[in-house]
Structure formats: C-alpha cells, structure tokens
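A closer look at the structure
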Amino acid sequence: MKILGIESSCDETAASVVENGRVILSNVIASQASEHMKYGGVVPELASRRHCENILPVVQKALEDANVTLEEIDGIAVTYAPGLIGALLVGVSFAKGLAMMADKPLIPVHHTEGHAAANYLVHPQLEPPYLGIIVSGGHTRLAEVTDYNTFRTIGKTRDDAAGECFDKCARAMGFPYPGGVHIDKAASIGNPDAFKLPKIKMEGNPYDFSFSGLKTYIVNLLHHAEQCHDTVNTNDLAAALQREIAVTVAEKTIAAAKEFGYQKIALSGGVSANSGVRSTLEAACAKNGFQLYMPPIALCGDNAAMIAAQGYYNYLAGITADESLNAAASKELRGESAQCS
Ligand code: KG4
Ligand code: ZN
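Reading the values: the criteria
Residues numbered from 1 in each chain as written. Chains lettered and ligands numbered in written order. Predicted model: local features only at pLDDT ≥ 70, side-chain atom pairs only at ≥ 80, totals over all residues. Heavy atoms only, no water. Donors = N, O, S within 2.8 Å, 3.2 Å for Na, K, Ca; no water. Helix = DSSP H or I, 4+ residues; strand = E, 2+ residues; numbered from the N terminus. Buried < 20%, exposed > 50% of the residue type's maximum accessible area, 1.4 Å probe, protein only. Salt bridge = Lys/Arg side-chain N within 4 Å of Asp/Glu carboxyl O. Contact = heavy atoms within 4.5 Å.

1. A few points about the coordination of the zinc ion (ligand 2)
Within the first shell, the zinc ion (ligand 2) binds the protein through His 111 (NE2), His 115 (NE2) and Asp 302 (OD), at distances of 2.0 to 2.1 Å. Donor residues for the zinc ion (ligand 2), ordered by position in the chain, follow H-x3-H-x186-D. Linking His 115 in helix α4 (residues 111-117) with Asp 302 in the loop between β10 (291-293) and α10 (305-316), this pair joins segments that are 187 residues apart in sequence. By relative accessible area, which is 2% here, His 115 ends up buried.

Listed below in structure tokens is the structure:
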C-alpha cells in the first residue's frame, strides 16, 4: 500500500511516498529556514505564503521521484495538528482537495505521532509496545506507545520544549536560527564543566519536563556578562547546556522505562539529532540493558515520510477524515490520558 504524506506544520513544505509504512519511495523537503534566519525565528505569515508556493511542486516531485501516479496512491496522509495554524492549513486544504479530486482516502496525522513513526522507516523490527521519547522544537514528551495509534503520555513539557530552549539560548549566544545545531557544534569543542548550571527541579509528576528556567538562567547570564563587558566562552556554555538537556532527557527516560516496564525505547523529533542527547541516552540504555531506536539525522527533523508512515498505520486502524477535517494549532494525542499533566 502506497501512502502520500504531506507535512507543512512549521517551515518545511514536505511530501513523500512510503510503501506499507516502512519503505521510503521518495522524500522531498523544501526548507524555508534560510529565509526565516534573518528574523531570528519563524515568521508565521511568511511560512504560510511559502507553503502555498511550494506545495504543488513538492507533491509533484514526490510522486515523480517515487515513480508513481496519483492513481496508484492508496491514501493521502496529512499533518493536521499541532503547529502554526496558517502553515498547517495549507497542507490540510491541499490534501483535502487532492483526496476529493482523486477520490482517495484522507488520513489525518498528529505531528508528534508522525515523529515517532520516523523510526519505523529505518528499524523494520520496531513494533509497539515501546516507550517513546519525542523531543522537538515544540514538544518534549515521554509516552507509552501501546499500539501504532495509541499514545499514553507519561510526562511532557510544562513550558518550553527542549528545542525551544536550545534555539532561544543559541540566539542569545549570537548563533543564527535554528540554533540547536549550532549549539551542538559549539558544544563539541567546549568544556561542560566550565559552567555550573542550575539543576532542573519540579514538584508533581517526576516525568514532566521544564526547560524555561534553564533558558532564563542562560539568557540572564549572557545579558549580565554583556552589561559588565565580560566575555563568555560560548563553546563552554553550549557544552554545559547540551549536557544538562541530554542528562535530563536520559534520566527521565530510563526511570520511566524501569517504572513502566519497557525494554524498548524509541527516540525521535528534531532534537534527537543532537549528538549529546543521542550519546547520553545510548550510554544509559546500554548500561541498563535497554534497546534504543533512533532515526538517522536526516529523519529527525520535520519530513513527510514520517507522516506517510504513521498515515499507513492510521489507515489500517480506520482513522480517516472527510472534507470537514480542520487544522488545529494544538491538539492532544489520541489515547492521551486526561489525568496526565
Ligand atoms: O521536529 P522539528 O524539526 O520541528 C518541530 O516539530 O518542532 O524540531 C526542530 C528543533 C529546533 O528547535 C532545532 O533547533 C532542533 O530541533 N534541532 C537540534 C539539532 N538539530 C535540530 N537541537 C539540538 N541539536 C541539534 N543537532
Ligand atoms: Zn517536528
């Protein structure tokens, strides 16, 4: 079964054809990052306009690269939430029109579920149940993935996502948007022991995350240094920040795997490209005898192959939509437990 995936939740217009949820036949991404760079972050109106311009050629190229016609596609999967509402609307409207015109099933995909599905594209042996840790620019979430369509959230961010923390700290350090990758590079030549960062402490659910305090501490530190005309070694600061985030993610993930009895752990999301997050979690899993699955760097960030992969499993479970499908800037995951914070 061939699913066409469409993704436009932020600043990447993407389309992909995936076979049986596992094999990528094409994967096209038109990134706008260089355009948003001069503003230091994504400008929503600009993103929507670029999606409008890019979506048709990107979808056409995805079909061409896969060497399939629209008639040969079995379903059209689209990210409908969460994300920038104007950006999401472009993908959702396009997918609805295409599905109606070609008389194909329309399959709604939650962006976070999509990130988790990136692992299906490279790990044929990975099947639920497993513990998912999804770390991106908008979300940080630990969830029991009990089947392909059901996520039971164990913990999530109460404020900033890890990627947001990376990006805002990177901006304060003078790195261009998106800053996470620059922190990663700087950290590789920095000394993490040069700064003592505050340990993140929270009351309540021990599996929740909070990164806004860390962000504020670093932004204030840099601001104070600037006022005092002091220089800050940004490589060292980046290394300290990266270690703090990586250790927090790894500690909570390992503790959750032990408490909830999971041996299989799957990391995903844009921040799963971070070398410190990968190596720290890898070492912690090896130490505890857990099996860790991670996407290759190319499938960590936003792409449509992960949407098509999840779309396949949604379709098999009967999760489809009609022309009333709407985009949503925020949306809980299917199967998400209401009592989780
Ligand atoms: O999943 P994603 O592409 O978009 C969202 O769904 O949010 O994640 C983007 C986030 C950004 O914050 C970006 O800076 C971060 O992932 N990121 C990284 C790295 N590569 C991307 N953060 C740290 N280290 C990296 N190597
Ligand atoms: Zn994403």
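2. Things to note about the pattern of salt bridges
For the structure on display, the rule yields eleven salt bridges. We note a salt bridge from Glu 53 to Arg 50, for which the minimum N-O separation is 3.1 Å. Of the two residues, Glu 53 and Arg 50 are both situated in helix α2 (residues 44-66); the distance of three residues between them amounts to about one turn of the helix. The network of salt bridges with common partners includes Glu 35, Arg 50 and Glu 53.

3. Re the environment of Pro 128
Summarising the element assignment, Pro 128 is placed in the loop between α4 and β6 (130-135). For the pair formed by Pro 128 and Tyr 148, sequence separation is 20 residues and the distance between their alpha carbons is 6.3 Å. Ignoring sequence-local partners within four residues, the contact set of Pro 128 consists of Tyr 120, Val 145, Thr 146, Asp 147 and Tyr 148.

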